[in-house]
Amino acid sequence: MSQNTVNYIIHDGNARGHSQIDWLDSYHTFSFSHFYDANRMGFRSLRVINDDRIAAGAGFPTHGHRDMEILTYVLSGAVEHKDSLGTGSVIRPGDAQIMSAGIGIMHSEFNPSQTEELHLLQIWMLPDTLGLTPRYEQKTFSVEEKRGKLRLIAAQDGRDHAVTIHQDIDLYASILEPGDVINYRVQSHRYAWLQIATGEVIFNGKELRAGDGVQITGEEQLEITTNLNAEILLFDLA
């Protein structure tokens, strides 16, 4: 279900696609794999938001990507990443990892814990240029940097210690506690997508919960608060 207003549409997280196997429980904000919805093919350059829970000791074996900007954002647990560039790292909550697939890259992602489930968001964005040289970048952002305010974690120019995306996107993260208020104005020539990663928020007076998304088209003043706790991602898009 979607609720229409002047400049935004609320996408109900319960209407997302869902796929489940023995080690993976995945919800798809946009059309992905066997889930197809002509009204959910992405938004602007934002193509995939997958909300994945990966069982202990399991993960995605080596597979390939090309011409896509892929950002991994861990909500709980950790993911071990290896790729054909020779990169090997562990991504934990607070980290933002970007992989520019470019002309082609192979990688694997596993939950290295034998006891703890991994919960992450994997986000795909279309690059502004095809055929780029593959690259990898990872940076850490503390809870304090995100508590009660928007922290830029990814941007085209890599400013303010953000990871660099080959696309005109500013991606912000925030961790909210009761009493926190986030205000943000989307400019008239821009677009935005708000993703509720965990918890519950009140967006412009409307209650949203984990999995919900808001598609914002044109100028809009955003006010985001919570009565509980929440973690959000806000994409400001060309």
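A short tour of the structure in this document, coming up. (Residues numbered from 1 in each chain as written. Predicted model: local features only at pLDDT ≥ 70, side-chain atom pairs only at ≥ 80, totals over all residues. Heavy atoms only, no water.)

## Regarding the environment of leucine 228
Spelled out, the test is: Labels follow the DSSP assignment, with helices taken as runs of H or I lasting at least four residues and strands as runs of E lasting at least two, numbered in each case from the N terminus. In this description, contact between two residues means that some pair of their heavy atoms is separated by no more than 4.5 Å.
Position of leucine 228 relative to the elements: it lies in the loop between β21 (220-225) and β22 (230-237). In the structure, leucine 228 is positioned 50 residues away from proline 178 in sequence and 5.5 Å away in space, judged by C-alpha atoms. Not counting the four nearest positions on each side in its chain, leucine 228 is found in contact with Leu176, Glu177, Pro178 and Glu200.

## Remarks on the sheet that holds strand β3 (residues 17-20)
To be explicit about the condition: Should DSSP find at least two bridges between two strands, the strands are regarded as paired. To get an axis, fit a line to the C-alpha atoms, keeping to the stretch in contact for a helix; angles then go from 0 to 180 degrees between the N-to-C directions.
The seven strands are arranged β3-β4-β5-β12-β7-β10-β13 in an open sheet whose pairing can be described as antiparallel. Each having just a single partner strand, β3 and β13 (135-140) make up the two edges of the open sheet. In this sheet, adjacent strand axes meet at a mean angle of 15° when their direction is disregarded. Sheet topology note: the strand β7 (residues 69-76)/strand β12 (residues 118-125) ladder contains seven bridges and is antiparallel. Opposite leucine 71, over in β12, you have isoleucine 123 as the bridge partner.

## Details of unusual backbone geometry
Unlike most non-glycine residues, arginine 44 shows phi in positive territory, near 55°. Among the secondary structure elements, arginine 44 is positioned in the loop between β4 (24-28) and β5 (46-54). For aspartate 160, which is not glycine, the phi dihedral falls at a positive 55°. Structurally, aspartate 160 is set in the loop between β14 (151-155) and β15 (163-164).

## Comments concerning the pattern of salt bridges
In plain terms, the rule: What makes a salt bridge here is a side-chain nitrogen of Lys or Arg within 4 Å of a carboxyl oxygen of Asp or Glu, nothing more. Partly exposed residues are those whose accessible area sits between 20% and 50% of the maximum for their type, while under 20% is buried and over 50% is exposed, using a 1.4 Å probe and protein chains only.
Summed over the entire model, instances satisfying the criterion amount to 16 salt bridges. The partner of aspartate 51 in a salt bridge is arginine 16, and the shortest N-O contact between them spans 3.4 Å. Of the two residues, aspartate 51 sits in strand β5 while arginine 16 sits in the loop between β2 (8-11) and β3, which places them 35 residues apart along the sequence. Each of the two residues, aspartate 51 as well as arginine 16, counts as buried.

## Thoughts on the sheet that holds strand β9 (residues 88-91)
Each strand in a sheet pairs with another by means of backbone hydrogen bonds, the pair being arranged parallel or else antiparallel. An order of β6-β11-β8-β9 is seen for the four strands of this open sheet, with the pairing classed as antiparallel. Strand pairing shows two members of the sheet lacking a second neighbour, β6 (59-65) and β9, which therefore form its edges. Each adjacent strand pair in this sheet contributes to an overall mean axis angle of 20°, direction not counted. For β6 and strand β11 (residues 105-110), the ladder comprises five bridges, and the chain directions are antiparallel. If you follow glycine 59 over to β11, its bridge partner there is phenylalanine 110.

## Overview of the side chain of serine 89
Locating serine 89 in the fold gives a position in strand β9. When near neighbours in sequence (up to four residues on either side) are disregarded, serine 89 contacts Val79, Glu80, His81, Gln97, Tyr136 and Gln138.

## Section: the pairing of strand β20 (residues 213-217)
The element β20 is largely enclosed, with a buried count of four among its five residues. Pairing geometry for β2 and β20, over four bridges, is antiparallel. Its bridge partner being in β20, isoleucine 10 is matched across the sheet by valine 214. Where strand β18 (residues 191-203) lies against β20, five bridges are found, and the strand directions are antiparallel. If you follow leucine 194 over to β20, its bridge partner there is valine 214.

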